[in-house]
Amino acid sequence: MKILDTHTCEFDKEFAKILERGKMDMGEVSSIVQSILEEIKNEGFGALQRHIARFDKWEAKSLQDLQISQTQCAKAYDDLPKDLKKALHLAYDRIYAFHQKQKQQTWIDCEENGTILGSKITPMERAGLYIPGGKAAYPSSLLMNAIPAIVAGVKEIIVCSPAPHNELNPLLLAALHLCNITEAYKVGGASAIGLMAYGVEGVKKADVITGPGNIFVACAKKLVFGEVNIDMVAGPSEIAIIADKSANPQYVAYDLLSQAEHDEMASSILISDDMELIKNVQTKIEKILPTMPRFAISEQSIKNRSIFIYTRHLQESIEIANALAVEHLEILTQAPFDVLPYIKHAGAIFLGEYSSEPIGDYLAGPNHTLPTGGSARFFSPLGVEHFTKRSSIISFSAQAIRQMGESCAILAECESLHAHAQAVLKRLDSIKE
């Protein structure tokens, strides 16, 4: 665990390296991903069949083999232990309630001269959701992606998730049933993005693709953007914690480790003006780490991607956090809500010692699909708006064109667009007649 000290002259150089963390090296995989996408686009199911045999190690003889049956999902739901089913419903209800508040409404404004302006909100017709698998299965990601689409009013939802050796997590199946997803496929990686972006025989293309994934998935989403809309291009998970001497070292240690166990490339960053706290957290992590079931993954993450930053004071901690613009930001200080107004860039902000980041991952309510790698400077969490589109409404009356037509024509002529100007002026002429 590396400690950077803002008091030293080397800090700026070392910190600059951390700020570059968002530049995932897609160069190495882009040609592979491009080839996969082109094969899906040109060959359809035959390409899917090859990719599944290669990457997931099982043979799909038909498109039907790729489909996840609703009967299988219903059985998985029925077989859930009572406490797990209760937890799943609690998460669903809280996520739904939060996203319901995000729903935008069509609005129309009428001016005195008869002008009518507005914004029409329309749900996407078809959404594609990618749910990761492989190193871990994430039923929570299904809830976080499906629920805002449901709230938005999307009528058709397609889900893709990898099934190594043709096996799926039972809780994912149960979550599919709970979300009433009727179209889901055992396809992962760039192949899944290609399936949803281009469609194959019997599967229509989506209008928007959302959901997290590895570098191959992220690269594929970036390449199909324009063919379809996407939520964001997300990288490895990350957390930063602003903590002062009031923070509980054990809480801080576990919260940092909660990100480390995601992936070897996950980043865990502690920012504190208290060196004693930093040392105590280090000691706790060294003690806890060997006991963790995902020790190999967590160890690599902590060893290679964990940074502790010792600052001069709380204000400097805030400045560093804003520069990092992380996915998850915890504020474990004596007065966390006093810090909140100064936070400019973060995917999700967790305030106070009981607001552990995993609460946000599962059932707090806000979405856990968040911008990473510094992209919180310009991206927002996944929400209902990602599954809707806006159309502007414009209706001018004769009185309105009389009042503003000449100004419009002048602006058009300034841009040398004569037909634009005449289209308005001819209407003015007809009104005068």
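As the structure is a prediction and not an experimental result, all values here were calculated from the model.

**Some details on the environment of Ala348**
Inference 1: Note that Ala348 resides in strand β13 (residues 348-351).
Inference 2: Its relative accessible area of 17% is what places Ala348 among the buried residues.
Inference 3: Expressed as a C-alpha distance, the spacing of Ala348 and Val224, which sit 124 residues apart in the sequence, is 27 Å.

**Structural notes on the nonpolar core**
Inference 1: Counting residues in hydrophobic clusters, the biggest one holds 39 residues, and the most contacted among them are Leu143, Val159, Leu176 and Phe387.
Inference 2: Elements supplying a minimum of two residues to this core: α5 (70-78), α6 (82-100), β4 (126-130), α7 (139-152), β5 (156-160) and α8 (170-178).
Inference 3: The element that contributes the greatest number of residues to this core is α7, accounting for eight residues.
Inference 4: Phe387 has contacts with Pro123, Met124, Ala127, Leu129, Asn145, Pro148, Ala149, Ala152, Val154, Val208, Thr210 and Leu382, leaving out every residue within four places of it along the chain.
Inference 5: Judged by nonpolar contacts, the second largest core, of 34 residues, contains Leu66, Val187, Val203 and Val224.

**A few points about the sheet that holds strand β3 (residues 116-123)**
Inference 1: Reading across the sheet, the three strands line up as β2-β3-β14 and stay open at both edges, with antiparallel pairing between neighbours. The sheet is open, and its two edges are formed by β2 (107-110) and β14 (388-395), each paired on a single side. Going from strand to strand, the sheet's axes swing by 15 degrees on average, the running direction of each strand aside.
Inference 2: Here β2 runs beside β3; their pairing, made up of four bridges, is antiparallel. In the sheet register, Trp107 faces β3, and the bridge partner there is Ser119.

**Topic: the domain arrangement of the protein chain**
Inference 1: The domain architecture assigned to the protein chain consists of domain 1 (2-21 + 235-364), domain 2 (27-230) and domain 3 (396-432).
Inference 2: Distance between the C-alpha centres of domain 1 and domain 3: 58 Å.

**Looking at the pattern of salt bridges**
Should their charged atoms come close, side chains of opposite charge can pair.
Inference 1: A full pass over the atoms with the stated rule returns twelve salt bridges.
Inference 2: Of the charged contacts in the structure, one is a salt bridge between Arg21 and Glu238, with a shortest N-O distance of 2.9 Å. Of this pair, Arg21 sits in the loop between α1 (11-19) and α2 (27-43) while Glu238 is found in strand β9 (residues 238-243), placing the two residues 217 residues apart along the sequence. Across the pair, Glu238 and Arg21 agree in class, each one buried.
Inference 3: For Glu39, the salt bridge is made with Arg50, and the minimal N-O distance between the two is 3.2 Å. Taken together, the residues span a long stretch of sequence, with Glu39 in helix α2 and Arg50 in helix α3 (residues 45-55) at a distance of eleven residues.
Inference 4: Shared partners join several salt bridges into a network, and the residues in it are Arg126, Glu156, Glu183 and Lys204.

Reading the values: the criteria
Residues numbered from 1 in each chain as written. Predicted model: local features only at pLDDT ≥ 70, side-chain atom pairs only at ≥ 80, totals over all residues. Heavy atoms only, no water. Helix = DSSP H or I, 4+ residues; strand = E, 2+ residues; numbered from the N terminus. Buried < 20%, exposed > 50% of the residue type's maximum accessible area, 1.4 Å probe, protein only. Core = buried A, V, L, I, M, F, W, Y, C linked by side-chain atoms within 4.5 Å. Contact = heavy atoms within 4.5 Å. Pairing = 2+ DSSP bridges. Axes fitted to C-alpha atoms, helices over the stretch in contact; angles between N-to-C directions. Domains from an automatic or database assignment. Salt bridge = Lys/Arg side-chain N within 4 Å of Asp/Glu carboxyl O.

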